[in-house]
Amino acid sequence: MTEIYRPRRSVLYVPASNDKALAKIAQLACDAVIIDLEDAVAPADKIAAREKLAGIFANRPDPNGRRREMVVRVNALSSEWGTDDLAAVAKAEPDGILLPKVDTPRDVLEVGDVLDDSFAPDSVKLWAMIETPKAMLNIGAIAELGRDPASRLDCFIAGTNDLIKDTGVLATPDRAYLLPWLMQMLLAARAGGIDMLDGVFNDFRDPDAFARECTQAAAMGFDGKTLIHPSQVEAANRAFAPSAQALAEARAVKDAFALAQNSGKGVIALNGRMVERLHLAQAEKLLAKAAAIGA
């Protein structure tokens, strides 16, 4: 069975405690939303925020007939809120559960076991924040879980703010000191067959700098970017969407391999260059992405 492509160009954090922001979800053009119970919610508001989940998912927005992906970020299981968060989220049956402070494969597997014991459907996937030095040291083993459907692991998110805090590296506009780790995350995610999302850009009042960071992440191979403000959605969607030129080239590759004379060939000549079937696979993936986002 062919897997349906789910675009994740723009993934917006929405605090579960912010009724005004929650009410606007249906009007937004972001590909996915993360209902946040963790960093965006003050300790005094966490229980009340958790209690809103049932209502949020009972009336989840369906903009333009497209069921937007909705994920919940829970508090760490080691915290006083984590266990109750997970129980409430399992009942709500979101598309995914975002786990903070993932350090080892066991952190993912333990949550998967809880979901299995709660009879949560297989459609509830797990996303992992990669935001600690220990996670970076274990990144390959964590990502490898993506090859086992039973683990539910589906996506990594770069927790760049926490990595900066925990390591003490200098945060520069070009992210020079973060790039090695970001590329390591990307490589591990691809080895595990899961998506990789870039971390947030903190100054939503600087759209030009945000756009540059999106362009950088797209060039690095990231699938999309996590966002802190609705004003960032349009630029992220644009940066992580296939260009007109890339789509034209992809269609040309697909059409060329579809010709009768190229049936069964592993390599063909197209417009003066050699094209392999691996390029056909890349072209088909790009076209599937474009179809999913209506490009």
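Above this text sits the structure in question.
Given the structure is predicted, the values throughout are model-derived calculations rather than measurements. (Residues numbered from 1 in each chain as written. Predicted model: local features only at pLDDT ≥ 70, side-chain atom pairs only at ≥ 80, totals over all residues. Heavy atoms only, no water.)

A. Just the nonpolar core, in detail. Ranked by size, the top nonpolar core spans 63 residues in total, and within it Ile35, Ile97, Leu115, Phe156 and Met185 carry the most contacts. In contact with Ile97, not counting residues within four places along its chain, are Val71, Val72, Val74, Leu86, Val89, Leu115, Val124, Lys125, Leu126 and Trp127. (Core = buried A, V, L, I, M, F, W, Y, C linked by side-chain atoms within 4.5 Å. Buried < 20%, exposed > 50% of the residue type's maximum accessible area, 1.4 Å probe, protein only. Contact = heavy atoms within 4.5 Å.)

B. Layout of the side chain of Glu69. By secondary structure assignment, the location of Glu69 is in strand S3 (residues 69-73). There is a polar contact of 2.7 Å between the side chain of Glu69 and the side chain of Arg8. Beyond its immediate sequence surroundings of up to four residues, Glu69 is in contact with Arg6, Pro7, Arg8, Asp31, Ala32, Val33, Arg60, Asp95 and Trp127. (Helix = DSSP H or I, 4+ residues; strand = E, 2+ residues; numbered from the N terminus. Polar contact = N/O pair within 3.5 Å; in protein donor to acceptor, adjacent residues only side chain to side chain.)

C. Quick peek at the pattern of salt bridges. Scanning all chains against the criterion turns up 21 salt bridges. Across the pair Arg73 and Asp36 runs a salt bridge, and its minimum N-O distance is 2.8 Å. Of this pair, Arg73 sits in strand S3 while Asp36 sits in strand S2 (residues 32-36); the two residues are 37 residues apart in sequence, bridging distant segments of the chain. Each member of the pair, Arg73 as well as Asp36, is classed as buried. For the salt bridge of Asp198 with Lys225, the shortest nitrogen-to-oxygen distance reads 2.8 Å. (Salt bridge = Lys/Arg side-chain N within 4 Å of Asp/Glu carboxyl O.)

D. Representation of the side chain of Asp195. As for its placement among the helices and strands, Asp195 is situated in strand S7 (residues 195-198). Using a relative accessible area of 18% as the deciding quantity, one classes Asp195 as buried. A polar contact is formed between the side chain of Asp195 and the side chain of Arg8, at a distance of 3.0 Å. If we ignore the near neighbours within four places in the chain, the residues touching Asp195 are Arg6, Arg8, Asp154, Cys155, Phe156, Ala189, Arg190 and Asp223.

E. Structural context of the environment of Ala250. In this fold, Ala250 is placed in helix H12 (residues 244-258). C-alpha of Ala250 to C-alpha of Gln282: the two residues are 32 residues apart in sequence and 7.9 Å apart in space. In this view, Ala250 contacts Ala283, Leu286 and Leu287; residues no more than four positions away in its chain are not counted.

F. Examining the environment of Ser231 more closely. Note that Ser231 resides in the loop between strand S8 (224-227) and helix H11 (233-239). The class for Ser231 is partly exposed, based on a relative accessible area of 45%. With 203 residues separating them along the chain, Ser231 and Leu28 place their C-alpha atoms 9.7 Å apart. At 2.8 Å, the side chain of Ser231 forms a polar contact with the side chain of His229.

G. Examining the packing of aromatic side chains more closely. Summed over all chains, the structure comprises one aromatic pair. Its guanidinium or amino end placed over the ring of Trp81, Lys46 lies 5.0 Å from that ring's centre, counting from NZ or CZ. (Phe/Tyr/Trp six-rings, centres within 6.5 Å; stacked < 30°, edge-to-face > 60°. Lys NZ or Arg CZ within 6 Å of the ring centre and 35° of its normal.)

H. Quick peek at helix H13 (residues 277-293). Taking 1.5 Å of rise per residue, 17 residues should cover 24 Å, and H13 covers 25 Å from first to last C-alpha, within 8% of that figure. Residues of H13 that are buried include every one of Leu280, Ala283, Leu287, Lys289 and Ala290, and no others. Residues of H13 that are buried sit in contact with H12 and strand S10 (273-276). Backbone geometry just downstream of H13 places Gly294 in the positive-phi region, at approximately 75°. (Expected span 1.5 Å × (residues − 1).)

I. Seen up close, the pairing of strand S4 (residues 96-99). Here S4 shows no split at all, with Gly96 and Leu98 on one side and Ile97 and Leu99 on the other all buried. Looking at chain direction, S3 and S4 are connected through three bridges and run parallel. Bridging from a neighbouring strand, Val71 pairs with Gly96 of S4. Taken together, S3, helix H4 (residues 82-92) and S4 constitute a β-α-β crossover, and its handedness is right-handed. Here S4 runs beside strand S5 (residues 125-130); their pairing, made up of four bridges, is parallel. Residue pairing for S5: Leu98 is matched across the bridge by Trp127. Once you follow S4 into helix H5 (residues 105-117) and on to S5, the crossover reads as right-handed. (Pairing = 2+ DSSP bridges. Right-handed = clockwise from strand over helix to strand, strands pointing away.)

That is the geometry; function is a separate question.
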